[in-house]
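Observations on chain architecture
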Amino acid sequence: MIPPAPRPTRESSFTQPVGALVPTTLVDFPGCVAASLFLTGCNLRCPYCHNGDLVQHHVSAGQLVSLEQTLAHLKKRRAVLTGFVISGGEPLLFPHLATLIAEAKSLGYHIKLDTNGTLPDRLRTLMESPDTAPDFIAMDIKTAPDRYALLKAHPGDIPDIAQRLAESARLIATLTADRREWRTVLVPPLVGKSDIAAMAALLPADASWQFAPFRNDHCLDAQYDALAPYTDAQTDDLIAYAQSLVAGAALR
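Okay, so let's go over this structure. What you are looking at is a predicted structure, and each value in this text was computed from that prediction instead of being measured.

Conventions used here
- Along each chain, residue indices are assigned from 1 in the same order as the chain's sequence is written.
- Since the coordinates come from a predicted model, pLDDT governs what is reported: local features require at least 70, and pairs of side-chain atoms require 80 or more to be given and counted, while whole-chain, interface and lining totals use all residues.
- Side-chain figures throughout are based on the complete set of non-hydrogen atoms in the structure, without hydrogens or water.
- Runs of H or I in DSSP of at least four residues are treated as helices and runs of E of at least two as strands, each being numbered from the N terminus.
- The globule rule is 2.2 Å times the number of residues to the power 0.38, and the radius of gyration it is compared with is taken over C-alpha atoms.
- The buried label applies to any residue whose accessible area, calculated with a 1.4 Å probe on protein chains only, is under 20% of its type's maximum; exposed applies above 50%, and partly exposed to all values in between.
- Working rule for contacts: check all heavy atoms of both residues, and any pair within 4.5 Å makes them a contact.
- Only the protein chains shown count as cover for residues, with accessible areas throughout obtained via the Shrake-Rupley method and a probe of 1.4 Å.
- The convention is simple: Lys and Arg are positive, Asp and Glu are negative, and His and the chain ends are not counted.
- One atom stands in for each charge, and that atom is NZ of Lys, CZ of Arg, CG of Asp or CD of Glu.
- The directions considered for the arc are those from the helix axis to the C-beta atoms.
- The rule for a disulfide is simple: a pair of cysteine sulfur atoms within 2.5 Å.
- Put simply, two rings from Phe, Tyr or Trp (the six-membered ring, in Trp's case) pair if the centres are within 6.5 Å, and we call them stacked under 30 degrees between planes, edge-to-face over 60, tilted for the rest.
- Any pair of N or O atoms that falls within 3.5 Å is considered a polar contact. Within protein, one atom must be able to donate a hydrogen and the other to accept it, and sequence-neighbouring residues count only if both atoms are side-chain atoms.
- Here, strands pair whenever DSSP counts at least two bridges between them.
- Here an angle of 0 to 180 degrees is reported between the N-to-C directions of two axes, which are lines fitted to C-alpha atoms, with helices fitted over the stretch in contact.

1. Structural notes on the overall build of the chain
A count of helical and extended segments in the chain gives eight helices and nine strands. In terms of overall size, the chain behaves like a compact globule, its C-alpha atoms giving a radius of gyration of 18 Å where 252 residues would be expected to give roughly 18 Å. Across the 252 residues that make up the chain, the buried fraction comes to 49%. At a minimum sequence separation of 6, the contacts of the chain that also span at least 24 residues come to 75%. Looking at the chain as shown, the accessible area adds up to about 11700 Å², and 54% of this sits on carbon and sulfur atoms. Here the chain contributes 22 positive and 26 negative side-chain charges, whose respective centroids are spaced 5 Å apart.

2. Comments concerning unusual backbone geometry
Note the cis peptide between glycine 88 and glycine 89, where omega equals 15°. Note that glycine 89 resides in the loop between strand S4 (83-87) and helix H4 (97-106). Look at aspartate 160: it is not a glycine, yet its phi comes out positive at around 55°. Within the secondary structure, aspartate 160 is located in the loop between strand S6 (136-140) and helix H6 (161-173). Of the residues examined, aspartate 160 reaches a relative accessible area of 54% and is grouped as exposed. Look at histidine 218: it is not a glycine, yet its phi comes out positive at around 55°. Secondary-structure assignment places histidine 218 in the loop between strand S8 (209-213) and helix H8 (232-245).

3. Describing helix H5 (residues 120-128)
Burial in H5 covers these residues: Pro120, Arg122, Leu123, Leu126 and Met127. When H5 is viewed along its axis, its buried side chains cluster within an angular range of 160° and face the same direction. Along H5, exposed side chains directed more than 90 degrees from the buried face belong to Asp121, Thr125 and Glu128.

4. Concerning the state of the cysteines
Taken as a whole, this structure holds zero disulfides when the rule is applied. Here cysteine 42 is not disulfide-linked; the sulfur of cysteine 46 is the nearest cysteine sulfur, at 6.4 Å. For cysteine 42, a relative accessible area of 17% gives the class buried.

5. Notes on the packing of aromatic side chains
In total, this model carries three aromatic pairs according to the counting rule given. Plain terms: the ring middles of phenylalanine 29 and phenylalanine 136 are 6.0 Å apart, the flat faces sit at 55° to each other, and that makes the pair tilted. With a gap of 107 residues between them, phenylalanine 29 in the loop between strand S1 (17-25) and strand S2 (34-39) and phenylalanine 136 in strand S6 connect regions that are remote in the sequence. Each ring, one from phenylalanine 214 and one from tyrosine 224, has its centre 6.5 Å from the other, and the planes form 85°; the classification is edge-to-face. Of this pair, phenylalanine 214 sits in the loop between S8 and H8 while tyrosine 224 is found in the loop between S8 and H8, placing the two residues 10 residues apart along the sequence.

6. Things to note about the side chain of aspartate 140
Checked against the element boundaries, aspartate 140 lands in strand S6. Look at aspartate 140 and you get buried, because its relative accessible area is 19%. A polar contact is formed between the side chain of aspartate 140 and the side chain of arginine 183, at a distance of 2.8 Å. Setting aside chain neighbours within four positions, we find aspartate 140 in contact with Thr115, Asn116, Tyr148 and Arg183.

7. Considerations on the sheet that holds S2
Reading across from one edge, S3-S1-S2-S4-S5-S6-S7-S8-S9 is the order of the nine strands in this open sheet, with mixed pairing throughout. Two strands bound the open sheet, and with one partner strand each, they are strand S3 (65-66) and strand S9 (249-251). Note that strand S5 (residues 110-115) and S6 share four bridges and pair parallel. Within S6, the position partnered with lysine 112 by the bridge is phenylalanine 136. Against the sheet, H4 touches S2, S4 and S5, its axis set at about 170° to S4.

Structure representation (structure tokens):
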């Protein structure tokens, strides 16, 4: 079982390196010029992940920023930036996430949260408070829920994972359609038509479901570097099938 997030002191947590900061991005938050913070740590080990060093805490402290540095950047750039993206890894594992969101909101930022959907209780807690509710939530769906055992860091880590994914999808579906999306990478061993059908069953009819091509370089599992992506024709066929189930499916 995943234990409740601990509560370290503000002083220690705000000065320790916690993630990689992208100072300015035009692509991570629809409609916003944003900064993105990629927090370290994740409870999944997706073999095709390109943030493996962050996920496994293998990034040197010199390459990371603290929350203190992050908030200083947001304060300095608030005349230019309108959005703040919190990603990972899995940001809902981070014990001071609520404080980070609240402080960024107090500076006038719109907040986008990226999540893998495995921690619905923590997501619900954030969404219930106006001070911490994200303005936009993107949930990654990796494969059919009953195949997530292929992605676990350790067997038994995340019990009832299909139920957790469904609950997170339901929570996110309470947002208006312009404030949410679901995302899937077209990894051949993990995403075929049967997987797409199982994933589509989690989504509301008006979902924005964004697919991305698989890139076979610098994968967490080196064996995936030798895996051929889907051809253009195969990709088009899968997207068309997804659109037959969820009209808002598209290749990004």
